[in-house]
Amino acid sequence: MELRILGSHNMESHGTRFETHLIDGILALDAGGLTRSLTFEEQENIQAIILTHPHFDLIRDLLPFGLTMRDSGVTVDVYGIKDTLDLVAEKLMEGSLYPPFLEFPSPETPIYSMQEIEPLKDFQVLDYTVKAVPVPYAVPAVGFMISSDDVSVFYTGDAGRGVSDAWQHAAPDVVLTEVTFRNRGEQTAIDSVHMTPAYLRKDVVRIQTAKRVSAQNDCRTHKPSYKEEIRVEVKHLAEADMMMSLP
Ligand SMILES: [Zn+2]
C-alpha cells in the first residue's frame, strides 16, 4: 500500500493544504486538498473517495475534482455516513456553486455516486476492506480502517481525546491521525474536540499495548508558531518509544 499525504492542515497558505490522503493513487481519504497536489492525469486515476465528516476543509475539492472528471465517463463512488452525505448533497452538489454533480453530466452517468455506509460493518471499496468506526468529534464523524493484503491503516480524521475507544474495533498496523493544538492549548482542544500531543500519547499508546504501530502524525496546525511547538512535543513522544513521523 502506498500512502501519499496531499494535505494535512485546516488553514491554507503557500506551504499548507487542506486535508486529503491518497492510497495507491486510486482511493482518496477526504477531499479538502485533493486537486492541487495532483496532475490532471493523477486525478483521473482516482476511483473512490471516503469522507470522515463534512467540514469544509475536508470536502472542498469535490467541486474542482468533479470538473476534472466531467469528460471521463467515470462515476466516482463517495462513501460516508448519512449525515456527511446529506450535507455534501445539500450544500455542495445542488447546482448553485458548480454543476449538480450527482446528476451531471447525465443522471445515468453522474460524476459522483453517494454510497452510504453503516459504522462497524466491513464493506468493500475497490480491493480494500474498509470499516467505519465512530470517533469523538464536534459533529458526527467516523474514522476508517482500510485493509489491503499487506497492511492495515486506521485514519481517524478529525477527532478529540478518547479516540482510543476505536481500538476496540480496529487493530491497525499504522495510525494516521491529527494534532491540531499544542499542549498548552488544552482547553481549546477540549472545546473544539481536537487532539494535543499529550492526548495523542495517551490514545495511541493504548493500542501499542496490543500491537506495535507506526503513527503518522497529521499536524493540523493553524499557524507556524503552533506547528513548531507541536513538532517538538510530538518528537518527545517519539523518544517515548513511539514510531512517529511528521509530514
Ligand atoms: Zn473537522
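Provided above is the structure to which this section pertains.
Residues numbered from 1 in each chain as written. Predicted model: local features only at pLDDT ≥ 70, side-chain atom pairs only at ≥ 80, totals over all residues.

1. Describing the overall build of the chain
In step 1: Within the chain, the regular secondary structure consists of seven helices and 13 strands.
In step 2: Every one of the 247 residues in the chain was classed for burial, and the buried ones make up 45%.
In step 3: Partitioning the contacts of the chain with sequence separation of at least 6, the portion at a separation of at least 24 is 55%. (Helix = DSSP H or I, 4+ residues; strand = E, 2+ residues; numbered from the N terminus. Buried ≥ 20, exposed ≤ 12 C-beta atoms within 10 Å, placed from the backbone. Contact = placed C-beta atoms within 7 Å.)

2. Some words on helix α4 (residues 82-91)
In step 1: For α4, the set of buried residues is T84, L85 and V88. In an axial view of α4, the angular spread of the buried residues amounts to 95°, which keeps them on one side of the axis. With respect to the buried face of α4, the exposed residues turned more than 90 degrees away are K82 and E90.
In step 2: Lining the buried residues of α4 we find α2 (56-59), α3 (62-68), β5 (76-80) and β6 (112-116). (Arc of directions from axis to C-beta.)

3. Looking at the nonpolar core
In step 1: Judged by nonpolar contacts, the single largest core of 59 residues is most densely connected at A28, A31, I50, L51, F144 and F154.
In step 2: Ranked by the residues each element gives to this core, the list is headed by strand β9 (residues 142-147), at four residues.
In step 3: Each of domain 1 (1-80 + 82-116) and domain 2 (119-247) gives at least three residues to this core.
In step 4: Those residues in contact with A31 that lie beyond four places of it in its chain are T20, I49, L51, L58, I59, D61, L62 and F65. (Core = buried A, V, L, I, M, F, W, Y, C linked by C-beta atoms within 7 Å. Domains from an automatic or database assignment.)

4. Some remarks on the sheet that holds β5
Adjacent strands of a sheet form backbone hydrogen bonds with each other and so pair up, either parallel or antiparallel.
In step 1: What the six strands build is an open sheet, ordered β1-β2-β3-β4-β5-β6; its pairing is mixed. The open sheet is flanked by β1 (3-7) and β6, the only strands paired with a single partner. On average, each strand axis in the sheet is tilted by 25° relative to the strand beside it, whichever way the strands run.
In step 2: On top of the sheet, α4 reaches β5 and β6; it is set at about 155° to β6, its chief contact. (Pairing = 2+ DSSP bridges. Axes fitted to C-alpha atoms, helices over the stretch in contact; angles between N-to-C directions.)

5. Some words on the pairing of β6
In step 1: As paired strands, β5 and β6 are joined by five bridges and run parallel to one another. Of the residues in β6, the one forming a bridge with G80 is E116.
In step 2: In this view, the connection linking β5 to its parallel neighbour β6 by way of α4 has right-handed handedness. (Right-handed = clockwise from strand over helix to strand, strands pointing away.)

6. Observations concerning the environment of R184
In step 1: Secondary-structure assignment places R184 in the loop between β11 (174-179) and α5 (186-192).
In step 2: Owing to 11 C-beta atoms within 10 Å, R184 belongs among the exposed residues under this scheme.
In step 3: Distance from R184 to A198, taken between C-alpha atoms, is 9.8 Å for residues 14 residues apart in sequence.

7. Concerning the pairing of strand β10 (residues 152-155)
In step 1: Two elements, β9 and β10, share four bridges in a ladder whose sense is antiparallel. Across the sheet, the residue bridging to F144 is Y155, located in β10.
In step 2: Counting the residues between successive antiparallel strands, the hairpin from β9 to β10 contains four residues.
In step 3: For β10 and β11, the ladder comprises three bridges, and the chain directions are parallel. Residue pairing for β11: V153 is matched across the bridge by V174.

8. Digging into unusual backbone geometry
In step 1: Following F104, the chain continues into P105 via a peptide bond in cis, with omega recorded as 5°.
In step 2: Although it is not a glycine, V193 adopts a positive phi angle of roughly 60°.
In step 3: Looking at the element boundaries, V193 is found in the loop between α5 and α6 (197-208).
In step 4: Taking the number of C-beta atoms within 10 Å as the measure of exposure, V193 has 18 and is therefore partly exposed.

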